[in-house]
Amino acid sequence: MRAKRISAAQAARSFSEILNRVKYRGESFVVERNREPVCRIEPVAKRERLTTDNLAEFWKTLPRPDPEYPGDLDEIRRLFRKLPKTAWER
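Not measured: the values here are computed from a predicted model. Residue positions are counted from 1 within each chain, in the order its sequence is given. pLDDT decides what is reported in this predicted model: residues at 70 or higher carry local features, side-chain atom pairs at 80 or more are listed and counted, and totals for whole chains, interfaces and linings draw on all residues regardless. To get the side-chain values, take all heavy atoms of the structure and skip hydrogens and water.

A.B. asks: Explanation requested: the sheet that holds strand β2 (residues 29–33) in the structure shown.
C.D. replies: Backbone hydrogen bonds are what pair the strands of a sheet, in a parallel or an antiparallel way. Two strands qualify as a pair provided DSSP detects at least 2 bridges between them. Numbering goes from the N terminus for both helices and strands, where a helix is a DSSP run of H or I of at least four residues and a strand is a run of E of at least two. Pairing in this open sheet of three strands is mixed, and the strands run β1-β2-β3 from one edge to the other. Only two strands of the sheet have a single neighbouring strand rather than two, namely β1 (4–7) and β3 (36–41). When strand polarity is set aside, the average angle formed by the axes of neighbouring strands in this sheet is 35°. As defined by bridge partners, β2 adjoins β3 across five bridges and the pair is classed as antiparallel. Considered in β3, the bridge of Val30 is made with Arg40. Axis angles are defined between N-to-C directions and span 0 to 180 degrees, where every axis is a line fitted to C-alpha atoms and, for a helix, only to the segment in contact.

A.B. asks: Would you explain a nonpolar patch on the surface in this entry?
C.D. replies: Grouping into patches uses exposed residues only, defined as over 30% relative accessible area, and leaves out salt-bridged ones; the cut-off is 9 Å for like charges and 5 Å for nonpolar side chains (Val, Leu, Ile, Met, Phe, Trp, Tyr). Every accessible area reported is derived by Shrake-Rupley at a probe size of 1.4 Å, with residue values counting cover from the shown protein chains alone. The term salt bridge refers to a pairing of a side-chain nitrogen on Lys or Arg with a carboxyl oxygen on Asp or Glu at a separation within 4 Å. A grouping of Leu50, Leu55 and Phe58 is seen on the molecular surface, where their side chains present a nonpolar patch of about 340 Å² in accessible area. Relative to the helices and strands, Phe58 is located in helix α3 (residues 52–61). A simple rule labels every residue: compare its accessible area, found with a 1.4 Å probe on the protein chains alone, to the largest value its type can have, and call it buried under 20%, exposed over 50%, or partly exposed in between. By relative accessible area, Phe58 is classed as partly exposed at 47%.

Encoded structure:
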């Protein structure tokens, strides 16, 4: 869709309407001052929603842990003392 050209004065007078048209209709506007383009008002690219499929695909791209990783986890567990089951066991 081609951007509609509007004057800065028109943009100022109807800014709320322009934002609604951008948000709900996906329209774009080029704002001009003295018939020179100054800026563009357009929809922001939507971010992709995270789904379980996206997460699974991302997970596949991660590097695999090295063979020492399980042993490292065991060592970390040994370094931390066992926490009491409840606050009253302290």
